Amino acid sequence: MASTTAASDRPVEDRTVSKVAVIGLGAIGGVIAGSLAAAARHDVVVCVRNGIDRLVVERPDDVVDVPLRALTDPADAAPVDWVLLCTKAQQTVSAAPWLVRLCGPQTRVAVLQNGIRHTDRLKPLVGAATVVPAIVYYNGERLGVDRVRFRRAGEYDLAVRDDIDGRAFVELLGSAPMRILQSDDFDTLAWRKLLINAVANPITALTLQRQAVFRRDDIKALCLAILEEAAAVGRADGARLAPDEPEQVLATLLTYPPEAGTSMYFDRLGGRPFEVEALTGAVVAAGARHRLPTPLNGMLLTLLRAISDAASERSKGDG
Ligand SMILES: NC(=O)c1ccc[n+]([C@@H]2O[C@H](COP(=O)([O-])OP(=O)(O)OC[C@H]3O[C@@H](n4cnc5c(N)ncnc54)[C@H](OP(=O)(O)O)[C@@H]3O)[C@@H](O)[C@H]2O)c1
């Protein structure tokens, strides 16, 4: 950790200042809100369920400790230039009251969530605002209520479409230390990410084992079969996936440290609902759209839904 920088120590640059609202201050939202606040160029507010006034972000090259302006009641929110939606996909509907208040016709809503078809998912909730889908490559981890860690997991931290809205997103984050890929084949990248998630998350959550489980030969064979099925669906959906994409995905998984977990694994340990519909559910739904059978992914979906629904029921009972 090289240094600690307080945002208030830095001069505000004389460039366009955007009003930015970050919904969801978890692993991904914490990293991006903290980094934007540290850059001190834009007017940033975080929309949260529990109040917070500072956040520490441990980044690859430094640690920043920034003051945050937080809202806990959607009634206090007003339209902004940018909404960065950083909840889990299954929590999107619960964020609708924020979206109603924050979105106007000029607003762009960047969706920092896993899965595909971000625009279809968000369009009914954002009125006339523009949806800007993003792929998140960086690794975020919540270390405490007011502390997150940002780890780099590859060449890029985020990807967006190479269009006017994607370029505006790159401009927005220009002051934050984020490496953003602008792609003219975003849908292929989204499917590639979905393939990794469609094996890494279900297998670790169902076996209750971390990445080490992918070193087993029988699990490797099962993953390849799941991936062949999902890649065929992805190709039918328009993704330009390589003939050996399943082998490449498995090879990528085997580069992850054996002790690393996945988000669904940690959600199972914590007894929380899974982000299942946006991952395995998206593969099965795309298979149905293209009339392709998905028996393996369908079986995973049934098992994951059963566990996730039981967790939802328990949390309702606790509440
Ligand atoms: N973490 C990673 O490394 C990573 C990497 C790539 C992609 N992703 C994707 O990024 C997305 C976000 O994941 P994450 O890991 O950041 O999840 P997370 O740590 O669980 O954060 C989600 C946050 O959203 C908040 N939230 C949920 N509903 C809300 C609402 N109605 N109003 C306000 N806040 C709300 C939660 O608040 P509470 O704290 O009150 O529960 C939580 O702080 C997911 O789609 C995930 O798959 C994550």
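No experiment lies behind these values; they were computed from the predicted model shown.

Rules of the game
In every chain, residue numbers begin from 1 and rise along the written sequence. Thresholds applied to this predicted model are a pLDDT of at least 70 for local features of residues and 80 or more for the giving and counting of side-chain atom pairs; totals over whole chains, interfaces and linings are not thresholded and use all residues. Side-chain calculation: all heavy atoms of the structure are included, whereas hydrogens and water are not. Only DSSP runs of H or I with at least four residues qualify as helices, and only runs of E with at least two residues qualify as strands; both kinds are numbered from the N terminus onward. Our radius of gyration looks at C-alpha atoms and nothing else; its globule reference is 2.2 Å times the residue count to the power 0.38. The buried label applies to any residue whose accessible area, calculated with a 1.4 Å probe on protein chains only, is under 20% of its type's maximum; exposed applies above 50%, and partly exposed to all values in between. Residues count as neighbours in contact if any of their non-hydrogen atoms are within 4.5 Å of one another. Note on areas: Shrake-Rupley, 1.4 Å probe, and residue coverage restricted to the protein chains presented here. Here the positive residues are Lys and Arg and the negative ones are Asp and Glu; neither His nor the chain ends is included. Positions of charges follow a simple convention, taking NZ of Lys, CZ of Arg, CG of Asp or CD of Glu. Any residue with at least one heavy atom within 4 Å of a molecule or strand is counted as near it. Polar contacts, as used here, are pairs of N or O atoms within 3.5 Å; protein pairs need one atom able to donate a hydrogen and one able to accept it. Residues neighboring in sequence count only if both atoms are side-chain atoms. As used here, the term nonpolar core means buried Ala, Val, Leu, Ile, Met, Phe, Trp, Tyr and Cys residues forming a set that is joined through side-chain atoms within 4.5 Å. A domain assignment, automatic or from a database, supplies the domain bounds used here. Inter-axis angles, ranging from 0 to 180 degrees, are taken between N-to-C directions of lines fitted to C-alpha atoms, where helices are fitted over the stretch in contact. Definitions for this section: a left-handed crossing has its near helix turned counterclockwise from the far helix by less than a right angle. A right-handed crossing has that turn clockwise. Throughout, the ten residues Ala, Val, Leu, Ile, Met, Phe, Trp, Tyr, Cys and Pro are labelled nonpolar, Asp, Glu, Lys and Arg are labelled charged, and all others, Gly among them, are labelled polar. Here the quantity called buried area is the accessible surface, traced with a 1.4 Å probe, that two parts lose on coming together, added over both. Salt bridges are counted wherever a side-chain nitrogen of Lys or Arg sits within 4 Å of a carboxyl oxygen of Asp or Glu.

### What about the overall build of the chain?
And then number 1: Counting its regular elements, the chain contains ten helices and 13 strands.
And then number 2: A compact globule built from 319 residues would reach a C-alpha radius of gyration of about 20 Å, and the chain, at 19 Å, matches this within 12%.
And then number 3: A principal-axis box enclosing the C-alpha atoms of the chain has dimensions of 55 × 45 × 40 Å.
And then number 4: The buried share among the 319 residues of the chain stands at 50%.
And then number 5: Look at the contacts in the chain between residues 6 or more apart in sequence, and 67% of them connect residues 24 or more apart.
And then number 6: Surface summary for the chain: the accessible area is close to 14500 Å², and the carbon and sulfur share equals 52%.
And then number 7: Between the averaged position of the 37 positive side-chain charges in the chain and that of its 39 negative side-chain charges there is a distance of 2 Å.

### Details of the site of the ligand
And then number 1: Among the 24 residues in the neighbourhood of the ligand, the closest are listed as I28, S94, N114, G140 and E275.
And then number 2: The backbone of G26 places a nitrogen or oxygen atom 3.2 Å from an oxygen atom of the ligand.
And then number 3: Residue A27 places a main-chain N or O atom 3.0 Å away from an oxygen atom belonging to the ligand.
And then number 4: Protein chains shield 85% of the accessible area of the ligand, which is 900 Å² for the free molecule.
And then number 5: Elements with a contribution of two residues or more to the shell around the ligand: α1 (27-39) and β10 (139-144).
And then number 6: Counting residues per element, the shell around the ligand draws most heavily on β10, at three residues.

### Things to note about the nonpolar core
And then number 1: If you look at the biggest cluster of nonpolar residues, it comprises 40 residues, and the most contacted ones within it are W191 and L195.
And then number 2: Among the elements of the structure, α5 (186-207), α6 (217-236), α7 (245-253), α9 (280-289) and α10 (295-318) are those that each provide at least two residues to this core.
And then number 3: By residue number, the principal contributor to this core is α5, which donates twelve residues.
And then number 4: Two domains each put at least three residues into this core: domain 1 (4-183) and domain 2 (186-318).

### Remarks on the packing of α5 against α6
And then number 1: For the pair α5 and α6, the least separation of the axes is 10 Å and the interaxial angle reads 145°. Between α5 and α6 the crossing geometry is right-handed. Between α5, through W191, L195, A198, V199 and I203, and α6, the contact on the second element is made entirely by I219, L222, C223, I226, L227, A230, A231, V233 and G234.
And then number 2: Grouping the constituent residues of the contact of α5 with α6 by class yields 13 nonpolar, one polar and no charged.

### Remarks on the domain arrangement of the chain
And then number 1: Here the domain parsing of the chain yields domain 1 (4-183) and domain 2 (186-318).
And then number 2: In this complex, domain 1 contributes 17 residues to the contact, which on the side of domain 2 involves 18 residues.
And then number 3: Between domain 1 and domain 2, the buried area comes to about 1500 Å², and carbon and sulfur atoms account for 58% of it.
And then number 4: Taken as a group, N114, I116 and I135 account for 36% of the area that domain 1 buries against domain 2, more than any other trio of residues on that side.
And then number 5: Here domain 1 and domain 2 share two salt bridges between them.

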